[in-house]
Amino acid sequence: MTTLLVADLLREKENDLQLTLLAGAKGLRREISVSEINRPGLALSGYLDYFPSERVQIMGLGEHTYLSTFTPAQRKAMLHKVFSYSKKLPCIVLTRGIKPHREVIDVAEALQIPLLRSGLVTAHLIGELTVSMEERLAPTTTIHGVLMNVYGLGVLLVGDSGIGKSECALELLKRGHMLVADDVVEVKQRLGGVLYGTGAELIRHHMELRGVGIIDVQKIFGVGSVLDRTRIELVIRLEEWKQTVEYDRVGLSDRTTSVLGVRVPEIVMPVRPGRNLAVLVEVATLNERLKFRGEFTAKEFNKKLISLMAKRSSENKASAKKEKVKKFS
């Protein structure tokens, strides 16, 4: 499970979110494990049957005003009860640059819970913070392959080492398509089961070609030939042509593969001398775009074929019936 330290959040978003540390410095190594946030209004009112303490706790003007209705002793007791509820509580963030009650600082310091303050209004902070944490905490994996953007569709080329993925990508580059990552593709799953791929920081926009070496794609083909990231919408698996394997020749099968638990359309493309892989990838991509629009060519062809066969069968039966009638007339 991916986690984020409160210290890292403070360091990375200090300027963007106008964050400052008020108390609880000893708890900066606490971990944030979920991207959702919580406003502890119900908990502060005494309802703790459902308190998502594993989330970042946001206290805005509403919570601050509510706390003002209690005496210092009542505030301290209430805050201690709520924020000692779970050791998983990552941090507390005050919004609008609010000056907290003394008891909030004392409890945060005593329980070693980082107390942060932001100058942003509550709604703005929640939006920015949620997006940031979704990006950092998204499920991630690394895949050996080449990621291209072909006709606006993210196409992931996978297969055994030396099968020709980079050479195919090079031909696609010459045909005007864009490279996202070569060799190492970092994949993240976003909300809604959407997969995004990007290249590793060190080798981004570079390709390794056997016999040539490492090339800088952006410098050779121009800035329009590269893309920092793209959504992964099609996987094309390149494999050596095997005479014993019956490959799909019609395209009726809806084959998929799983990436981080998300099903992605997959095409197995056999490789042998004389096949223009780049053109095949382009056609496969365009065909996939048609499917996204609800136009499944193979199924439409199959329906026409079945309809034609049924029509001919009916005509043959009618013809046979006429011949039978003539015979006995």
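Up top is the structure.
A brief report on the enclosed structure follows. (Residues numbered from 1 in each chain as written. Predicted model: local features only at pLDDT ≥ 70, side-chain atom pairs only at ≥ 80, totals over all residues. Heavy atoms only, no water.)

1. Overview of the pairing of strand β16 (residues 256-259)
Only one face of β16 is covered, namely the one carrying Thr 257 and Val 259; the face carrying Thr 256 and Ser 258 has none of its residues buried. In this structure, the hairpin formed by β16 and strand β17 (residues 262-271) is closed by a connection of 2 residues, where Leu 260 is found at a positive phi of approximately 55 degrees. (Buried < 20%, exposed > 50% of the residue type's maximum accessible area, 1.4 Å probe, protein only. Helix = DSSP H or I, 4+ residues; strand = E, 2+ residues; numbered from the N terminus. Pairing = 2+ DSSP bridges.)

2. Brief notes about the nonpolar core
Among the nonpolar cores identified, the biggest contains 26 residues, and Met 148, Met 207, Ile 236 and Val 281 are the most heavily contacted of them. Mapped onto this core, the elements with two or more residues apiece are β8 (140-150), β9 (153-159), α7 (165-174), β12 (206-209), β15 (234-240), β17 and α9 (277-292). Ignoring anything within four residues of it in the chain, the contact list for Val 281 reads Val 155, Leu 157, Cys 168, Leu 172, Ile 236 and Met 269. Counting 20 residues, the second-largest nonpolar core is a separate cluster that includes Leu 48, Leu 67, Met 78 and Ile 105. (Core = buried A, V, L, I, M, F, W, Y, C linked by side-chain atoms within 4.5 Å. Contact = heavy atoms within 4.5 Å.)

3. Some thoughts on unusual backbone geometry
For Asp 183, which is not a glycine, the phi torsion comes out positive at approximately 80 degrees. For Leu 260, which is not glycine, the phi torsion reads 55 degrees and is therefore positive. Mapped onto the elements of the fold, Leu 260 is located in the loop between β16 and β17.

4. Some words on the environment of Glu 233
Along the chain, Glu 233 turns up in the loop between β14 (229-231) and β15. As a C-alpha pair, Glu 233 and Asn 149 span 84 residues in sequence and 9.8 Å in three-dimensional space. Residues within four places of Glu 233 in sequence aside, it is in contact with Gly 152, Leu 153, Gly 154, Val 264, Pro 265 and Phe 292.

5. Points about the sheet that holds β9
Pairing in this open sheet of 8 strands is mixed, and the strands run β14-β11-β10-β8-β9-β15-β17-β16 from one edge to the other. This sheet does not close on itself; its edge strands, each paired only once, are β14 and β16. Taking each pair of neighbouring strands and ignoring which way they run, the sheet shows an average axis angle of 40 degrees. Pairing of β15 with β17 involves 6 bridges; the strand directions are parallel. Its bridge partner being in β17, Leu 238 is matched across the sheet by Met 269. (Axes fitted to C-alpha atoms, helices over the stretch in contact; angles between N-to-C directions.)

6. As for the pattern of salt bridges
Tallied over the entire structure, the rule returns 15 salt bridges. Here Asp 106 makes a salt bridge to Arg 102, at a shortest N to O gap of 3.1 Å. Here Arg 102 and Asp 106 lie together in helix α5 (residues 102-111), a separation of 4 residues that amounts to about one turn. For Arg 102, a relative accessible area of 52% corresponds to the exposed category. Residues joined by salt bridges that share partners form a network here, namely Asp 8, Arg 11, Glu 12 and Arg 136. (Salt bridge = Lys/Arg side-chain N within 4 Å of Asp/Glu carboxyl O.)

The values reported here are purely geometric and, on their own, carry no functional implication.
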